[in-house]
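A look at the structure
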Amino acid sequence: MEILSEDRCFGGVQGVYRHDSETVGVPMTFAVYMPPQAAQGPVPVLWYLSGLTCTHENAMIKAGAQGWAAERGLALVFPDTSPRGEGVADDAAYDLGQGAGFYVDATQAPWAPQFRMYSYVTCELQALVTREFAVESGRQGITGHSMGGHGALTLAMRHPDLYRSLSAFAPICLPSGSDWGRKQLGAYLGPDEDAWRAHDATMLMRDRGWPRDLLIDQGTEDQFLDLLKPEALAAAIATRRQPATFRMQAGCNHSYWFVASFMRDHMNWHADRL
């Protein structure tokens with residue numbers, strides 16, 4: 001693991017790192033914030049998954065999470081959203097290929113060899129972070145924004161023993177029924193829509209649910225509401241009688257101003273449960 005930068009931040013350290021990934025076959029960059037409490041021993045860790053076109057850097061810089069994480073003693077991990085670089089498959093559109101991994105393991109050409117962000121986040125990077133940083137593997141939560149909110153919900157519902165707390169900001173809630181999903185799941189996983197269910201938050205809520213409570217924030221003025229389809233997930237939560245706090249935030253859009261506005265709530269939500 002190569003250290004690209006480490007900076008003091010709210011008494012802790014905000015670092016950016018790179019390693020050669022066996023899972024995706026190219027070097028991957030990620031960021032970790034370690035709070036000051038880590039100097040005394042291992043701390044709980046919250047994973048933050050970012051959205052379309054983002055890298056590790058977007059939430060690290062814009063979400064305003066480090067101050068609240070330092071206050072509550074949470075480590076933060078910011079993975080990238082896809083493999084990148086020369087020789088990595090890509091598409092001219094912003095919502096497919098590099099920057100748009102959708103947190104799945106692709107099975108279709110040309111994506112299958114390297115677009116394996118599901119395994120990268122839940123296995124390889126998971127092992128690297130728990131080995132190299134003072135975090136407690138048994139106290140982990142996950143959150144994310146937009147495509148990253150989709151990733152947080154689907155990874156948590158598929159791995160309830162790995163993640164003990166769950167939240168999301170403006171997640172893609174029904175990718176199998178949205179242009180932000182059908183295109184990508186079809187490209188990465190093929191035309192069989194049964195294979196998509198394991199990566200669809202609404203379908204997973206119907207099929208499995210989540211064994212604990214969860215928090216979702218969504219802006220009422222989000223310019224992508226028709227693509228996100230929060231009403232589908234809300235209906236599945238109600239039908240399952242899933243313990244959840246689902247908040248429609250008046251006047252908020254899809255930006256990081258929205259995310260930063262409610263980051264303290266999400267940090268406290270996870271800290272209380274971890």
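The structure we're discussing is the one just above.
Since the structure is predicted, the reported quantities are computational estimates derived from the model, not experimental observations. (Residues numbered from 1 in each chain as written. Predicted model: local features only at pLDDT ≥ 70, side-chain atom pairs only at ≥ 80, totals over all residues. Heavy atoms only, no water.)

Let us now look at the overall build of the protein. Secondary structure assignment for the protein yields nine helices and nine strands. Compactness check: the protein gives a C-alpha radius of gyration of 17 Å against a globular reference of 19 Å for 274 residues, within 12% of the reference. Along the three orthogonal principal directions, the C-alpha set of the protein runs to about 50 × 45 × 35 Å. Sorting the 274 residues of the protein into buried and exposed places 59% on the buried side. When the accessible surface of the protein is summed, it comes to about 10,700 Å², and 49% of that surface belongs to carbon and sulfur atoms. In the protein, which carries 22 positive and 31 negative side-chain charges, the distance between the mean positions of the two groups comes to 7 Å. (Helix = DSSP H or I, 4+ residues; strand = E, 2+ residues; numbered from the N terminus. Rg over C-alpha atoms; globule rule 2.2 N^0.38 Å. Buried < 20%, exposed > 50% of the residue type's maximum accessible area, 1.4 Å probe, protein only. Areas by Shrake-Rupley, 256 points an atom, 1.4 Å probe, with all protein chains shown as cover. Lys, Arg positive; Asp, Glu negative; His and termini not counted. Charge placed at Lys NZ, Arg CZ, Asp CG, Glu CD.)

Moving on to the layout of surface pockets. Roughly 170 Å³ of internal volume is contained in the largest pocket. Looking at the largest pocket, the residues that line it are Gly-51, Leu-52, Thr-53, Cys-54, Tyr-94, His-145, Ser-146, Trp-180, Phe-224, His-254, Ser-255 and Tyr-256. Split by residue class, the lining of the largest pocket holds six nonpolar, six polar and no charged. (1 Å grid on protein atoms, 1.4 Å probe; cavity = no way out; pocket = protein on both sides within 12 Å on 5 of 7 lines; lining within 4 Å. Points joined across faces, edges and corners; volume = space filled by probe spheres on them. Nonpolar A, V, L, I, M, F, W, Y, C, P; charged D, E, K, R; others polar.)

Of all eight residues in strand S3 (residues 27–34), seven are buried, a share of seventy percent or more. Here strand S2 (residues 12–20) pairs with S3 via eight bridges, running antiparallel. The residue bridging Asp-20 from the neighbouring strand is Pro-27, located in S3. Linking two consecutive strands that pair antiparallel, namely S2 and S3, is a turn of six residues; a positive phi of about 80 degrees is found at Gly-25 within it. Direction of pairing for S3 relative to strand S5 (residues 75–78): antiparallel, over a ladder of three bridges. (Pairing = 2+ DSSP bridges.)

Below, the discussion takes up the sheet that holds strand S1 (residues 2–9). One open sheet accounts for nine strands, arranged S1-S2-S3-S5-S4-S6-S7-S8-S9; its pairing is mixed. Both outer strands of the open sheet, S1 and strand S9 (244–249), are each paired with one neighbouring strand and no more. Each adjacent strand pair in this sheet contributes to an overall mean axis angle of 20 degrees, direction not counted. Sheet analysis places strand S4 (residues 43–49) next to S5, joined by three bridges and oriented parallel. Opposite Trp-47, over in S5, you have Val-77 as the bridge partner. Contacts from helix H3 (residues 117–132) reach S2, S3, S4, S5 and strand S6 (135–144), with the element oriented near 55 degrees to S3. On the sheet, helix H4 (residues 147–158) packs against S4, S6, strand S7 (165–169) and strand S8 (214–219) and is oriented at approximately 135 degrees with respect to S6. (Axes fitted to C-alpha atoms, helices over the stretch in contact; angles between N-to-C directions. Contact = heavy atoms within 4.5 Å.)

As for its position among the elements, His-254 is in the loop between S9 and helix H9 (256–273). Judged by relative accessible area, His-254 falls into the buried class, the value being 9%. Side-chain polar atoms of His-254 contact the side chain of Ser-146, separated by 2.9 Å. Not counting residues up to four positions away in its chain, the partners in contact with His-254 are His-145, Ser-146, Ala-170, Trp-180, Asp-222, Gln-223, Phe-224 and Leu-228. (Polar contact = N/O pair within 3.5 Å; in protein donor to acceptor, adjacent residues only side chain to side chain.)

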